[in-house]
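Coordinate inspection notes
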Amino acid sequence: IFVHELGHRAEKIFEDGRADQAPSWLGARDERVALSAYARVNAREDFAETFAMYRLDPVRLKALSPSRYAFMKDRVFGGLE
């Protein structure tokens, strides 16, 4: 839960402070794969769930959603894996 909540704080890096409206995030999540039931709630929760999975289970994230993985790596974590 803690890492998920940190994901909400990481949203602040976007132009208007909301990942659910950032074209770069919306493009990355344009997939039919939901990482969790909670990620289906909205784009903000999907962002936080993706953030948490990138930190806690990156191999699974990369397998389930390469575009979300690449977004987190490039746009949120500055290339760090």
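**Quick notes on helix α3 (residues 43–56)**
Over its 14 residues, α3 runs 20 Å from end to end, which matches the ideal 20 Å to within 8%, given 1.5 Å per residue. The element α3 is extensively covered by neighbouring structure, given that eleven of its 14 residues are classed as buried. Regarding α3, the residues found buried are Ala-43, Glu-45, Asp-46, Phe-47, Ala-48, Glu-49, Thr-50, Phe-51, Ala-52, Met-53 and Tyr-54. Capping the start of α3 is the job of one residue whose side-chain oxygen sits 3.0 Å from the backbone nitrogen of Arg-44: Asn-42.

**Notes on the confidence of the model for the protein**
Summary statistics for the protein give a mean pLDDT of 89 and a share of 95% for residues scoring 70 or more. Here helix α2 (residues 23–28) is the element of the protein with the lowest mean pLDDT, 86, and helix α4 (residues 58–64) is the one with the highest, 97.

**Quick look at helix α5 (residues 66–76)**
Of the positions making up α5, those classed as buried are Arg-68, Tyr-69, Phe-71, Met-72 and Val-76. For α5, the arc enclosing every buried residue in end-on projection is 160°, short of the 170-degree limit, so these residues lie on one face. Turned more than 90 degrees off the buried face of α5, the exposed positions are Pro-66 and Asp-74. Structurally, α5 contributes buried residues whose contacts are with α1 (2–10), α2, α3 and α4. Phi turns positive, to about 55°, at Gly-78, one or two residues after α5.

**A closer look at the nonpolar core**
By size, the foremost hydrophobic cluster in this structure holds 19 residues, and its most contacted members are Trp-25, Phe-47, Phe-51, Phe-71, Met-72 and Val-76. Contributing elements (two or more residues each) for this core: α1, α2, α3 and α5. Broken down by element, this core gets its largest block of residues, six residues, from α3.

**Observations concerning the packing of α3 against α5**
Look at α3 against α5: their axes get within 10 Å of each other, and the N-to-C directions meet at 80°. Here α3 is positioned roughly perpendicular relative to α5, judged by the angle of their axes. On α5, the residues that touch Asp-46, Phe-47, Thr-50, Phe-51 and Tyr-54 of α3 are Arg-68, Tyr-69, Phe-71, Met-72, Lys-73 and Val-76. Its residues assigned to classes, the contact of α3 with α5 shows seven nonpolar, one polar and three charged.

Reading the values: rules and limits
- Residues numbered from 1 in each chain as written.
- Predicted model: local features only at pLDDT ≥ 70, side-chain atom pairs only at ≥ 80, totals over all residues.
- Heavy atoms only, no water.
- Helix = DSSP H or I, 4+ residues; strand = E, 2+ residues; numbered from the N terminus.
- Expected span 1.5 Å × (residues − 1).
- Buried < 20%, exposed > 50% of the residue type's maximum accessible area, 1.4 Å probe, protein only.
- Polar contact = N/O pair within 3.5 Å; in protein donor to acceptor, adjacent residues only side chain to side chain.
- pLDDT = per-residue confidence, 0-100.
- Arc of directions from axis to C-beta.
- Contact = heavy atoms within 4.5 Å.
- Core = buried A, V, L, I, M, F, W, Y, C linked by side-chain atoms within 4.5 Å.
- Axes fitted to C-alpha atoms, helices over the stretch in contact; angles between N-to-C directions.
- Parallel < 35°, antiparallel > 145°, perpendicular 65-115°, else oblique.
- Nonpolar A, V, L, I, M, F, W, Y, C, P; charged D, E, K, R; others polar.

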